[in-house]
Each structure stands twice: as structure tokens, then as C-alpha cells.
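# Examining the three-dimensional arrangement
The residues making up each chain are set out below.
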Amino acid sequence: MVGARKVVLDEKEIPRQWYNIQADLPRPVPPPLGPDGQPVKPEMLAAVFPMSLIEQEVSTERWIDIPEDVLEKLLLWRPTPLQRAWNLEGALETPARIYYKNEGVSPPGSHKPNTAVPQAYYNRVFGVKRLTTETGAGQWGSALSMACCLFGLECRVYMVRISFEQKPMRKYMMRVWGAECIPSPSTLTDSGRRILERDPDTQGSLGIAISEAVEEAVKREDTRYSLGSVLNHVLLHQTIIGLEAKRQMEKIGEYPDVIIGCAGGGSNFAGVSFPFVADKIAGRDVRVVAVEPAACPTLTRAPYVYDHGDVAGLTPLLAMHSLGRTFVPPPIHAGGLRYHGMAPLVSHGVREGLIEAEALHQLECYEAAVTWARTEGAIPAPETSHAIAQVIREAKRAREEGKEEVILFNWSGHGLLDLTAYDAYFSRKLSDYALSDEELRKSLSSVEGHPRPE
Ligand SMILES: *Cc1c(COP(=O)(O)O)cnc(C)c1O
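A quick note: this is a predicted structure, and the numbers were derived from the prediction, not measured.

Further remarks concern the pairing of strand β5 (residues 97–102). β5 sits mainly inside the fold: 6 of its 6 residues count as buried. Burial of β5 is two-sided: the residues Arg-97, Tyr-99 and Lys-101 facing one way and the residues Ile-98, Tyr-100 and Asn-102 facing the other way are all buried. Pairing between strand β4 (residues 82–84) and β5: 3 bridges, direction antiparallel. Within β5, the residue paired with Gln-83 across the bridge is Tyr-100. As defined by bridge partners, β5 adjoins strand β15 (residues 406–411) across 6 bridges and the pair is classed as parallel. Among the inter-strand pairings, Arg-97 is bridged to a residue of β15, identified as Val-406.

Our focus in this paragraph is the domain arrangement of the protein chain. Along its sequence, the protein chain is organised into domain 1 (6–13 + 67–109 + 233–447) and domain 2 (23–61 + 112–231). Here the C-alpha centroids of domain 1 and domain 2 sit 21 Å apart. Counting residues at the interface gives 53 residues for domain 1, matched by 53 residues for domain 2. Of the roughly 4,500 Å² buried at the junction of domain 1 and domain 2 (both faces included), carbon and sulfur atoms supply 66%. Here domain 1 and domain 2 share 2 salt bridges between them. Note that Arg-170 and Asp-418 form a salt bridge whose closest N and O atoms lie 3.5 Å from each other. The interface formed by domain 1 and domain 2 includes 18 residue pairs in polar contact (both at pLDDT 80 or more). Of all the secondary structure elements, the ones that give two or more residues to the side of domain 1 that touches domain 2 are α2 (68–74), α10 (232–251), α11 (267–281), β12 (304–308), β13 (317–321) and α13 (344–351). Examining the composition of the side of domain 1 that touches domain 2, we find that 8 residues originate from one element, α10, more than from any other.

The rules behind each value
- Residues numbered from 1 in each chain as written.
- Predicted model: local features only at pLDDT ≥ 70, side-chain atom pairs only at ≥ 80, totals over all residues.
- Heavy atoms only, no water.
- Buried < 20%, exposed > 50% of the residue type's maximum accessible area, 1.4 Å probe, protein only.
- Helix = DSSP H or I, 4+ residues; strand = E, 2+ residues; numbered from the N terminus.
- Pairing = 2+ DSSP bridges.
- Domains from an automatic or database assignment.
- Contact = heavy atoms within 4.5 Å.
- Buried area = accessible area lost by both parts, 1.4 Å probe.
- Salt bridge = Lys/Arg side-chain N within 4 Å of Asp/Glu carboxyl O.
- Polar contact = N/O pair within 3.5 Å; in protein donor to acceptor, adjacent residues only side chain to side chain.

Following this line, the structure appears as C-alpha cells:
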């Protein structure tokens, strides 16, 4: 079977359990801290999340069963194909074999419904009627809107204002799935009103939108909040990607030398890689590389600190690489890679030497995305292009070293709703942007005095 272009799993072969890396970490991930500086007790999160998700958040069980009702919905598009990028390999004249998980085949077009579906399910079973969330470019908002629709929940999405205005398409998708999409900051919440008083023309940010969505969930008994990345249970749900990939590679007798994913909050990267990181912890030789934008260099330049997940400081303190919660990202076009923090499990993995991190500039990423589209056909999301650019770097290195390496990466989503960004690229309106030390210092002042993880 070596020589396959596409490896598909039968529906019966879909993984029935998620993999929880917390069971295998050499040192445990530092716990979230409450306002008193003490580890947060699970009950303290109950106003925000249903108990079953809080249990997953802190669980150290290695395998967690995927409920039947969740599998039934995931089967709408899963298992996703493992594909081989033969044409790209040929164009690069590399001896490397490049495989990718195509997460662009989901209804909203990215990996995000892998967690939206179980989150909606657990909230529904818990008796919750409404979910709130935030969204940047709209990928998460649209994924949660679909999931809520499938399980009969109401959904309100606070969308970062600049995207609400400039990228209306995903807002329209949310409407098709019956959700309500509000530009953030809004006048519906105290956090939103406070920001608008200070800065009426603000373009908004993910951190502000999180504050609004969390505030509303805390204030309403029938409402909980849902987060699309960063948290342990989100990364857990995404491991279905890597678990499928492992089975698919086994079928053709392959195992990756290097695994690559782009990292915004860390969920698609963790999803493809954690089942392989398990092998690495057990002694197997495999490189795992997270790729972020040089304009938002969380893993490569930000300190490992305790910081809030949102601007208002409503969330517990998470042990993570963070650029500071007041970080306002420069307007690069990969909207999904602009968050100020990084998943505690990914941050911890970097600290433990299990995960490497790279920061790339956007022009190299767009060039890679265009090379991809002109060889493999599909147009990738600007976020995904960061993974592709790193794949191309690794494939060229393999060529120079004359090594037949096996590369696996996560094709996290398609870019069919990001074509204006491609247009800007072709019109030479995009430029590279590196965060200056001065800007970094300024945004890091918001973590001054925060405790440091051990
Ligand atoms: C949201 C998104 C990302 C970044 O989020 P992670 O949590 O880091 O995975 C990457 N790619 C696509 C297509 C996305 O929609």
C-alpha cells in the first residue's frame, strides 16, 4: 500500500476514546489558580462549564470514552482522510514523504467542530439551554453554532468587531445554523461597556470577547460558556485527529519522523500530535513542531507565567506562555493565530522539551499556501499556511540532508472564506510584521506581579 494518495478509515474504525496526555506527562501540568492564588477547585468553575467538562479538564485517566451521541454527529464528516502530498513532494524534489490530515472536510471547514460537538452534547445532557462564546475570524463561532444546532441549544457568539465588519461570511454561516452573532465589545455586558467608554472606536480583541461571553454565562443560570481552544478538555477532544492518523499510518506501515501543526491556542496542533507525544514520552524518537506567526510569538518570545485567558481578568490564572492579556495583535491575516496565550498543555510540553516551536512571517506562509494550492489543489486557511510553510522548510532540509523523512501535519482548514486575504497578498498589500521588543515589554506589563509556575 505504500504509494497511497489517500488513506481512509471505515466508519467502524473511528476512535471510540479520546487520548488524555495528562495521564503520561513526566511532571503534571501546573494547576489553574483562583483570585486567592490557590489552585481553583472544580466547583468554582461550575458557573461557567458543566461538571462533565470540568471533570475532563482535571482528569488524569489515559482514555476517555466518546459518547455514542457524539460519535453519531462526528460521523457526519469523520474519519477524515489522511492524504499524501505527492505533487508538493515532486515540486520540492524532496525525498521526504509528506502526509496530512484533512480537517478542512468538516461542515464549517476546520478542525473546530471536533470539540464543538462534544461540548454542545455535554451541556445539553447537563440541562443547559444556551451557550455563549467568542470568535475571532468566525471559525469557532460557526463550528459552535452548527454543534448547538445539532443538539438543540441556543447559541450567542461575541465576534471581534473588526472581523464582524470585515469578514461577514462566517457571521452568515452562524445565522444559517440559527445562532446569534454580536460584535464585541458590545453594550450587552459590563466588560463590553467599560471598554467602549474608554475606547469607543476599538477594533476589539479575542480577550475582550471572552470577557463578554464569560460574564453573560456567569450571570445567567440557563447559560454556560464554551471555549474553542486552550483548555485541556478542548485539546482532549481534538486528539481524535492524531488517533485516526496513527491508525491510518499503521495501515500503510508508516510512522512520522516529524509532526507539524500551526498553533493559535494550540488545539489542532495538540490534536494531531499528542497521541504521538505519548510515544515520545515512552522513548520513541519523533520531533513535534508547533508553528506560530512572528507577529504573535507566544511560544517563541513570551515568558511562561500565570496569566488570565481574557482581558478583564475574569478567568482563572493559567500557567502558559503569554504575551500579556492586554496584548492587541497586529492585523495579520491569520485571525485564528492571534491569541495572547497558548494552551497550558502545549506550553508545558515545550518546557518539558517534548515540543519545539517556530515563528514564521506571513509572506513566507502565503507563498507556501499558494505553492500548496498550485500543487495539491485545495486552498488552505491562512492559519494552516503556517504549518505548510514549516513542512516546506523541513522537506527542503530533508532534501539537503538526503533523508527519506516522513512528515505528518494537520491541514487544519480550508481558506475559501479567506480569499480577500489572498487578494491582499497578490496585490502586495501584506507585509511582514515582527513584534518589537518595546511592544512586547508594554504588553507584558500586564503580567507583572503574577505568580510564576514552578
Ligand atoms: C482556529 C483555527 C486555528 C488555530 O486554533 P488552534 O486552537 O491553535 O488550533 C488553526 N487553523 C484553523 C483553520 C482554525 O480555524
